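# Per-entry structural report
Here are the chains, one letter per residue:
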Amino acid sequence: MGVLVRFSRWRRTRWVRAVLAGLYVVTLAAAVPKGAGGHGREGSWSSEEAQRFWGPSRVAAAPASDDEAARKAADADDASGAQPVTGSARHFDGVPSVGALVFVGEDLRDHHCTASVVHSPKGNLIVTAGHCALGDDAAFVPGYRAGADRQPYGVWPVDRAYVDPRRTDTGEGSDLDFAFATVRPDGRGRQIERVTGANRLVRTPGYSNKVTVIGYPDADDDPADQAIRCTARTSRLEGQRQLRMRCEGFVSGTSGSPWLTHFDEKTKTGDLVGVLGGLNGGGPDGDDSARISYSPVNDDEIFKLYLDAINGREPHRAS
């Protein structure tokens with residue numbers, strides 16, 4: 001029962017409702033191409049087309065454990081004072097590409113998970129944790145503001161969700177705890193990426209990274225009902241293909257929070273190397289549940305699911 005409480009970092013009642021409601025690796029070498037998002041390309045994308053669209057591709061082995069070059073680069077960042085490791089989340093106004101997941105027709109304060117916009121050919125894609133509820137009655141609220149008469153970037157109903165069918169709460173299946181969803185255009189026919197911008201989905205370069213993590217805690221656990229952010233150093237979660245970070249404040253509602261490297265304070269976007277989730281829904285049970293968080297690594301499997309999402313096809317995997 002403890003796993004269920006910990007699982008998903010959102011209230012157990014949300015989990016019950018969610019149950020009922022029920023390639024290639026591409027490395028981005030540059031910023032989002034001009035005009036790439038939201039052009040409404042028709043038809044399916046092959047692996048070759050996807051590689052041409054995104055740029056140079058690289059098939060790599062599993063992320064290096066505590067890669068020396070990565071650690072030296074992170075140390076150089078620390079020395080420069082850029083995005084210092086904080087160790088504790090702080091409230092802030094949020095960023096356009098990150099928001100809360102809600103159920104259509106309910107109070108926005110009842111947001112249950114976090115999601116973020118990722119660059120895609122059509123410009124209509126968000127990413128979150130695989131255990132989050134993404135049924136027909138889900139919607140995404142980027143830059144969520146508590147009590148606002150109108151949300152700054154609108155409310156975007158989820159059109160279709162894509163989850164790896166092998167995902168589980170524990171064991172190897174928890175390494176697949178990520179999901180994509182398409183959202184419908186707004187009343188002016190615009191895709192979400194045109195409105196909010198997007199982060200870049202990239203392969204996790206190693207287990208040692210400096211990440212900026214942004215999420216929306218559940219209002220019951222954090223009465224401020226505001227976005228939080230933390231910059232932290234990651235390591236490997238022993239026994240899993242997952243990242244681990246220590247930062248106080250990531251409680252219920254923060255499942256799906258993006259883990260971003262190279263976060264740009266001007267564009268408010270970065271390279272997405274993970275999402276808060278994984279073993280037990282994204283962290284340990286007990287006293288450390290709000291201090292330690294997990295994320296699956298971005299490897300071949302997340303890019304296969306990404307291709308399923310942009311092609312609009314049901315994910316099928318050999319068991």
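In this report, we go over the structure that sits alongside the text.

So, how was this worked out
- Residues numbered from 1 in each chain as written.
- Predicted model: local features only at pLDDT ≥ 70, side-chain atom pairs only at ≥ 80, totals over all residues.
- Heavy atoms only, no water.
- Helix = DSSP H or I, 4+ residues; strand = E, 2+ residues; numbered from the N terminus.
- Areas by Shrake-Rupley, 256 points an atom, 1.4 Å probe, with all protein chains shown as cover.
- Pairing = 2+ DSSP bridges.
- Salt bridge = Lys/Arg side-chain N within 4 Å of Asp/Glu carboxyl O.
- Buried < 20%, exposed > 50% of the residue type's maximum accessible area, 1.4 Å probe, protein only.
- Axes fitted to C-alpha atoms, helices over the stretch in contact; angles between N-to-C directions.
- Contact = heavy atoms within 4.5 Å.
- Disulfide = S-S within 2.5 Å.
- Polar contact = N/O pair within 3.5 Å; in protein donor to acceptor, adjacent residues only side chain to side chain.
- Phe/Tyr/Trp six-rings, centres within 6.5 Å; stacked < 30°, edge-to-face > 60°.

### Observations regarding the overall build of the chain
Looking only at helices and strands, the chain has six helices and 14 strands in total. A total accessible area of about 13400 Å² is found for the chain, and carbon and sulfur atoms account for 49% of it.

### Section: the pairing of strand S11 (residues 242-246)
Bridging between strand S10 (residues 228-236) and S11 involves three bridges; their strand directions are antiparallel. Across the sheet, the residue bridging to Ser 235 is Arg 244, located in S11. Connecting S10 to the antiparallel partner S11 that follows it, the hairpin turn spans five residues, and Gly 239 within it adopts a positive phi of roughly 85°. Judged from the five bridges that link them, S11 and strand S14 (residues 292-296) form a sheet pairing that is antiparallel. From the neighbouring strand, Met 245 faces S14, where its bridge partner is Ser 293.

### Here's the deal with unusual backbone geometry
The backbone of Asp 225 sits at a positive phi, close to 50°, despite the residue not being glycine. Its place among the elements puts Asp 225 in the loop between strand S9 (210-215) and S10. One non-glycine residue, His 262, lies in positive phi territory at about 50°. Its place among the elements puts His 262 in strand S12 (residues 258-264).

### What to know about the pattern of salt bridges
If charged atoms from side chains of opposite charge come close, those side chains can pair. Summed over the entire model, instances satisfying the criterion amount to 19 salt bridges. Of the charged contacts in the structure, one is a salt bridge between Arg 167 and Asp 169, with a shortest N-O distance of 3.3 Å. Judged by relative accessible area, which is 24%, Asp 169 ranks as partly exposed. Put simply, Asp 308 and Arg 313 hold a salt bridge, and the shortest N to O gap is 2.6 Å. One salt-bridge network, in which partners are shared between bridges, spans Asp 164, Arg 166, Glu 301, Lys 304, Asp 308, Arg 313 and Arg 317.

### Some details on the environment of Val 297
Positionally, Val 297 belongs in the loop between S14 and helix H6 (300-311). Classification of Val 297 by relative accessible area gives buried; the value is 1%. Sequence spacing of Val 297 and Tyr 207 is 90 residues, and the spatial spacing of their C-alpha atoms is 8.3 Å.

### A short note on the sheet that holds strand S7 (residues 179-183)
By definition, the strands of a sheet pair up through backbone hydrogen bonds, in either a parallel or an antiparallel sense. Read once around its circumference, the closed barrel built from six strands follows the order S2-S3-S4-S7-S6-S5, with strand pairing classed as antiparallel. The average angle at which neighbouring strand axes cross in this sheet is 40°, direction not considered. Summarising the sheet, strand S6 (residues 156-163) and S7 pair through five bridges and their orientation is antiparallel. Across the sheet, Val 163 pairs through a bridge with Ala 179, a residue of S7. Here H6 sits on the sheet and contacts strand S4 (125-128), S6 and S7; the angle it forms with S7, its principal contact strand, is near 20°.

### As for the environment of Pro 223
Topologically, Pro 223 is positioned in the loop between S9 and S10. By relative accessible area, Pro 223 is classed as exposed at 65%. Distance from Pro 223 to Arg 109, taken between C-alpha atoms, is 9.9 Å for residues 114 residues apart in sequence.

### Here we look at the state of the cysteines
Evaluated as defined, the whole model comprises two disulfides. Covalently, Cys 113 is tied to Cys 132 through a disulfide, its sulfur atoms 2.1 Å apart. The S-S bond linking Cys 113 to Cys 132 shows a torsion near -85°; that makes this disulfide left-handed. Of this pair, Cys 113 sits in strand S3 (residues 113-117) while Cys 132 sits in the loop between S4 and strand S5 (138-142), and the two are 19 residues apart along the sequence. Cys 132 shares its class with Cys 113; the two are buried.

### Let's talk about the side chain of His 112
By secondary structure assignment, the location of His 112 is in the loop between strand S2 (98-103) and S3. A polar side-chain atom of His 112 sits 3.3 Å from the main-chain carbonyl oxygen of Ala 133.

### Re the packing of aromatic side chains
One pass over the structure, following the stated rule, counts two aromatic pairs. A centroid spacing of 5.9 Å and a plane angle of 75° characterise the contact between Tyr 144 and Tyr 216, whose relative ring orientation is edge-to-face. Highlighted residues: Tyr 144 in the loop between S5 and S6 and Tyr 216 in the loop between S9 and S10, separated in sequence by 72 residues. Judged by centre distance (5.8 Å) and plane angle (70°), the ring pair of Phe 180 and Tyr 306 falls under edge-to-face. Pair noted here: Phe 180 is in strand S7 and Tyr 306 is in helix H6, with a separation of 126 residues, a long-range link. By the burial criterion, Phe 180 is buried, and Tyr 306 matches it.

Honestly, it's all geometry; don't read function into it.
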